[in-house]
Amino acid sequence: MNTSELVKEAKHGSTAAQKCLFDQFAEKMLLVCQRYVKSPQDAEELLLDGFYKFFTKISSFTFQGDAALYAWLKRIMINECLMFLRAKNVFTIVTEATAEELPLQEEALDNLSAEEIFKLIVQLPVGYRTVFNLYAIEGMNHGEIAEMLNISEGTSRSQFSKAKILLQKLLLQNDIRYVKRKSK
Amino acid sequence: MSNENPNNTPGWRNKLDEFEHLPGSSFNNDAAWDKLYGRLRGNKRNRKIFWYWIAAACLFFGLVITFLNYQKDNSETGNKETALKQQPKEINKPILKGEKPDKNENENRVELVKNKIVSTPNKPTERKLHIVQTEVTTKARHDDILTTDQAPEPLAKPLQIINTNSTATVIPQKKKLNVVHINELGDPVIESSDITRIEDIHSFKLKFGNGEVFSSSPVASKSSGLIILKTKPASN
């Protein structure tokens, strides 16, 4: 049974189809949640919340391909994570004055494996990590991020800059001298 | 490389998107599904419970409305009854000749009385006894007497206790006496085939020593040949 049929069956309340969809996307979505929320327990809880919303709202979803379904599900998970973080009020500590614009050595990241990149991102503090995830990975602009996180655009920029600095430090700490390699 | 342009997707982003499983993760897919399924089922159950509550509320309101209507009817009945009690003179006013009692009013009163009897079936009251003792000329009068609470007048004769459950609801009717042919002396004459009336002799007048006068109607018996004379006190 393909994804389209699964979605159709799940819309009619088929538990088996819901289970298949859950099995298909659960681990990927858990990784998305863990990129935003460090604690595995919290991430798992948010995953369940996200899937609960997904199955209760699936009747309003029009299937337009696997990618659209994945994007919709990912968006639900991200929203759940942001709601969780907003509730914790993690974005108020950062001030705009410390904002710096530094280039991110993305080539360095390209040479890393997916697991290494994931582990680096997870090491970032929650504020940096959230903005980095939204800007660098989800492709949102600072205006959208500011609106979503209920912060100013400047704060979003500063968070991203700090995230890049910290990420480079982490790369250096991990003894991965990509910058040096590039200069050679 | 531009940091402000997130639309050009570098390789590391694609890598991250394709990353499906974190090694060493303790995530249990089935356990997570059980939790989620419990929530989803709970949601369905909650919906069912919600509809049950709605149904129960409707039933409750229906019962309440029925009960209130019933009470309202009762109170209206009580009001009518008290109104009747407050106007005893009018109720006991004798019906004059030619005066027609209001039929509707009387019917209402009969219903009131019936209701009252139904509500207290085990209490034979004195009021009901008056029905027996009082001469009821019309239906209206009878009902009026039933509904009044006035103390009964002392009666000369001892009251006859009657089972009011059956008698109070029955409206006494005027008894029509059967038309019976009787002879002048009061006893019915059984005219058998062997008795023939003597048409020529209509009556005799007898006078005894004490001066009383009797008349008789002669009847002849065919078998015995006797003439039967029956007597009665003659009217002056």
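Data block above holds the structure.
Residues numbered from 1 in each chain as written. Chains lettered and ligands numbered in written order. Predicted model: local features only at pLDDT ≥ 70, side-chain atom pairs only at ≥ 80, totals over all residues.

Asker: So what's going on with the overall build of chain B? Which residues, and what values?
Answerer: Tallying secondary structure elements over chain B gives seven helices and four strands in all. Seen in sequence order, chain B has helices and strands lined up from the N terminus as α-α-α-α-α-α-α-β-β-β-β. When burial is assessed residue by residue, chain B has 7% of its 236 residues classed as buried. Long-range contacts, defined here as pairs at least 24 residues apart, represent 58% of the contacts in chain B between residues at least 6 apart. (Helix = DSSP H or I, 4+ residues; strand = E, 2+ residues; numbered from the N terminus. Buried ≥ 20, exposed ≤ 12 C-beta atoms within 10 Å, placed from the backbone. Contact = placed C-beta atoms within 7 Å.)

Asker: Please provide a residue-by-residue account of helix α4 (residues 66-88) of chain A, values included.
Answerer: End to end, α4(A) covers 33 Å across 23 residues, agreeing with the expected 33 Å (1.5 Å per residue, within 8%). Where α4(A) is buried, its residues meet α1 (3-11), α2 (15-36), α3 (40-57), α7 (126-137) and α8 (142-149) of chain A. (Expected span 1.5 Å × (residues − 1).)

Asker: Give a description of the nonpolar core that names residues and reports values.
Answerer: All names here are of chain A. The biggest cluster of nonpolar side chains holds 53 residues, and the ones touching the most others in it are Met29, Cys33, Leu47, Met77, Cys81, Val131 and Phe132. Counting residues per element, this core draws most heavily on α2, which supplies eleven residues. For this core, the two domains that each supply at least three residues are domain 1 (3-88) and domain 2 (96-183). Ignoring sequence-local partners within four residues, the contact set of Phe132 consists of Ile121, Leu124, Phe160 and Ala163. (Core = buried A, V, L, I, M, F, W, Y, C linked by C-beta atoms within 7 Å. Domains from an automatic or database assignment.)

Asker: Describe the packing of α1(A) against α2(A), naming the residues involved and giving the relevant values.
Answerer: Residues and elements named next belong to chain A. Between α1 and α2, the shortest axis-to-axis distance is 7 Å and the interhelical angle comes to 130 degrees. By the criterion of interaxial angle, the relationship of α1 to α2 is oblique. The two elements α1 and α2 cross, and the hand of that crossing is left-handed. Between α1 and α2, the residues in contact are Leu6, Glu9 and Ala10 and Ala17, Gln18, Cys20 and Leu21, respectively. Grouping the amino acids of the contact of α1 with α2 by side-chain chemistry returns five nonpolar, one polar and one charged. (Axes fitted to C-alpha atoms, helices over the stretch in contact; angles between N-to-C directions. Parallel < 35°, antiparallel > 145°, perpendicular 65-115°, else oblique. Left-handed = near helix turned anticlockwise from the far one by under 90°. Nonpolar A, V, L, I, M, F, W, Y, C, P; charged D, E, K, R; others polar.)

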